[in-house]
Amino acid sequence: MKKTDLLYEGKAKKVYCTDVSDVLIVDYKDDATAFNGEKKGTIVGKGVVNNRMTNHVFQILEKEGVPTHFIEELSDRETAVKKVEIVPLEVIVRNVAAGSFSKKLGIEEGTRLLAPTLEFSYKNDELGDPMINDFYAIAIGAATREEIDRITELVFKVNEVLKDFFAKADIELIDFKVEFGRYKGEIILADEISPDTCRLWDATTHEKLDKDRFRRDLGNVEEAYEEVFRRLGL
Ligand code: C5P
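Residues numbered from 1 in each chain as written. Predicted model: local features only at pLDDT ≥ 70, side-chain atom pairs only at ≥ 80, totals over all residues.

## A word on the overall build of the chain
Across its full length, the chain carries six helices and 14 strands. Counted over contacts in the chain with a minimum sequence separation of 6, partners at least 24 positions apart contribute 53%. (Helix = DSSP H or I, 4+ residues; strand = E, 2+ residues; numbered from the N terminus. Contact = placed C-beta atoms within 7 Å.)

Listed below in structure tokens is the structure:
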């Protein structure tokens, strides 16, 4: 399989067309951004960690009955994936209060939630990805009721599988964001699952092992990504 045209360049990834129909190649970069692109930097080695971690996790999720876009890891940074039509929603699940949830509700970071939460943001850089609900998503044509229901079912399954998976590495899954795509009439998991898109805390010390180290200038950013990589045996 060969890369052809650059289809899209995002903040953390490049996506290429290939000589195979319906197959794209994702190329993970070391570039990091936060606060809707206002803060920019580089996290050396991040592309490798995010590629390997996403692929490992997606294969586990497939075995647990969650369909994903994963086809084949091609190199340290490159993966062949199914070409989907992205549902323009960021789908966020939280187990423990942190980040925008803590700020909005005045609940201290680290407070365990009584049940996992689900929220949607409308993917739109100009608007800063505003939070919307399922009725908004349906009203603006971002997704149908059937799609929202399937996404809800799948994302809570993802949460259960990931919580157990990270717990074995002494990591607590605080929250995460995923995206879904449409592929041959089905909703499948797309995009990535990595320290860029999850909050991952050491289960014992609560040390942050994720992109909050970059967002909040906590230092040891590369070390945190490497630590996750090492603990997961990637
Ligand atoms: O900032 P907030 O608390 O809403 O983030 C919730 C979760 O979603 C975090 O794990 C964060 O890394 C992830 N997220 C993301 N991309 C965004 C916004 C949030 O991966 N654009």
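## As for the site of the ligand
Of all residues adjacent to the ligand, which total 14 residues, the nearest are Gly-99, Ser-100, Lys-177, Thr-197 and Arg-199. Here the shell around the ligand is composed, by residue class, of five nonpolar, three polar and six charged. (Near = placed C-beta within 6 Å. Nonpolar A, V, L, I, M, F, W, Y, C, P; charged D, E, K, R; others polar.)

## Observations concerning the UniProt feature "domain: SAICAR synthetase/ADE2 N-terminal" (unreviewed entry) in the chain
UniProt annotation of "domain: SAICAR synthetase/ADE2 N-terminal" (unreviewed entry) refers to residues 6-231 when read in the numbering used here. Taken as a whole, residues 6-231 contains 31% helix and 35% strand, while its terminal C-alpha atoms sit 34 Å from one another. (UniProt positions renumbered as here; feature names shortened; annotations may be inferred.)

## A short note on the nonpolar core
With 52 residues, the main nonpolar core has Val-91, Val-178, Phe-180, Leu-189 and Leu-200 as its most contacted residues. Those elements that provide at least two residues to this core are strand 3 (23-28), helix 1 (46-63), strand 9 (89-96), helix 4 (145-167), strand 12 (171-183), strand 13 (186-190), strand 14 (198-202) and helix 6 (221-231). Ranked by residues supplied to this core, first place goes to helix 4 with seven residues. (Core = buried A, V, L, I, M, F, W, Y, C linked by C-beta atoms within 7 Å. Buried ≥ 20, exposed ≤ 12 C-beta atoms within 10 Å, placed from the backbone.)

## Considering the pairing of strand 10 (residues 112-122)
Sheet analysis places strand 9 next to strand 10, joined by seven bridges and oriented antiparallel. Note on strand 10: the bridge partner recorded for Val-91 is Phe-120. (Pairing = 2+ DSSP bridges.)

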